[in-house]
Amino acid sequence: MDPSVEPSVEDASGFAPREDDLQRLWTPHRMVYIGGQDKPADATASQCPFCRVAAGDDEQGLVVARGATTYALLNLYPYNGGHLMVLPYRHVSDYVDLTPDETVELARMTQTAIRVLTAVYAPAGFNLGMNQGEVAGAGIAAHLHQHVVPRWQGDANFLPIVGRTKALPELLADTRTRLAAAWPADGTAEDPEETA
């Protein structure tokens, strides 16, 4: 690049035709997440949305199931339809700080989430994961949460990669209703085949 040439900005309208064969899927609800709306002001339990949801109404908070020490809820900004999170009621950030009871129930509730999602939506696979700390990608680092993301063949097409947009075929309230109805009534996470 010639340092004597002054940089300039070209008008973007000249790069592509005004009319093209692309369809647009507008997802303005994602802007609140991108802009940081409703993110906790600090790491305290009083600012934590997960603590607020745990103390509130299940339908409004998208809570699917409750256990003694943990609960499952839908992700408000899902990677895929049916994206659940399993987390302790207690405001704790590190996996190593869970009590033995919380650790066991978190694992069992994750197993139940997989079984219920499989029964209701028949995904081809799952991504499970915890992001420990902001640097690791945790959006709300102060309250540990286990992601349970159902996956289907071809669900990672150009739209989320290029368009940074995810098309979801069902409203969150409808997903919550379906999963809550399919969750075992006693809330246990035992494999039905093991108890037979």
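So, here's what we can say about the structure. Given the structure is predicted, the values throughout are model-derived calculations rather than measurements.

### Structural notes on the nonpolar core
And then number 1: In terms of nonpolar packing, the biggest core is built from 20 residues, with Val64, Leu84, Leu179 and Trp183 touching the most fellow members.
And then number 2: Elements supplying a minimum of two residues to this core: β1 (63–66), β2 (70–74), β3 (84–88) and α4 (100–121).
And then number 3: Here the element with the most residues in this core is α4; it accounts for seven residues.
And then number 4: Setting aside chain neighbours within four positions, we find Leu179 in contact with Val64, Leu74, Gly82, Leu84, Val116, Leu117, Val120 and Tyr121.
And then number 5: Formed by 11 residues, the second largest nonpolar core is a distinct cluster that contains Cys48, Val53, Tyr71 and Met85.

### What to know about the sheet that holds β1
And then number 1: Read across the sheet, five strands follow the order β1-β2-β3-β5-β4 without closing on themselves; strand pairing throughout is antiparallel. If you trace the sheet from one side to the other, it starts and ends with β1 and β4 (125–129), each paired once. Pairwise comparison of adjacent strand axes, ignoring direction, gives a mean angle of 20° for this sheet.
And then number 2: One ladder, built from three bridges, connects β3 with strand β5 (residues 146–151); its direction is antiparallel. The residue bridging Leu84 from the neighbouring strand is Val148, located in β5.
And then number 3: Taken strand by strand, α4 contacts β1, β2, β3, β4 and β5, and its axis lies near 165° from that of β3.

### A look at the packing of aromatic side chains
And then number 1: Taken as a whole, this structure holds one aromatic pair when the rule is applied.
And then number 2: Summarising the aromatic geometry, the rings of Tyr71 and Tyr89 are spaced 5.2 Å apart at their centres and angled 20° between planes, so their arrangement reads as stacked. You can see Tyr71 sitting in strand β2 and its partner Tyr89 sitting in the loop between β3 and α4, a full 18 residues away along the chain.
And then number 3: Assessed through its relative accessible area of 0%, Tyr71 is described here as buried.
And then number 4: By relative accessible area, which is 24% here, Tyr89 ends up partly exposed.
And then number 5: Between the NZ or CZ atom of Arg66 and the centre of the ring of Tyr71, over which it lies, the distance is 5.9 Å.

About the criteria used
Numbering of residues begins from 1 in every chain and follows the order in which that chain's sequence is written. Thresholds applied to this predicted model are a pLDDT of at least 70 for local features of residues and 80 or more for the giving and counting of side-chain atom pairs; totals over whole chains, interfaces and linings are not thresholded and use all residues. No hydrogens and no water enter the side-chain calculation; it runs on all heavy atoms of the structure. In this text, buried Ala, Val, Leu, Ile, Met, Phe, Trp, Tyr and Cys residues form a nonpolar core when linked through side-chain atoms within 4.5 Å. Each residue gets one of three labels from its accessible area relative to the maximum for its type: buried under 20%, exposed over 50%, partly exposed in between, using a 1.4 Å probe on protein chains only. Put simply, DSSP marks the helices as runs of H or I at least four residues long and the strands as runs of E at least two long, and each gets a number from the N terminus on. Here, residues are in contact when the closest pair of their heavy atoms is within 4.5 Å. We treat two strands as partners when DSSP finds at least two bridges between them. Note on geometry: axes are lines fitted to C-alpha atoms, helical ones only across the stretch in contact, with angles between N-to-C directions running from 0 to 180 degrees. Pairing of aromatic rings covers Phe, Tyr and Trp, the last counted by its six-membered ring, and requires centre-to-centre distances within 6.5 Å; plane angles under 30 degrees mean stacked, over 60 mean edge-to-face, and any other angle means tilted. Note on geometry: a ring has a charge over it if NZ (lysine) or CZ (arginine) is within 6 Å of the ring centre and within 35 degrees of the ring normal.

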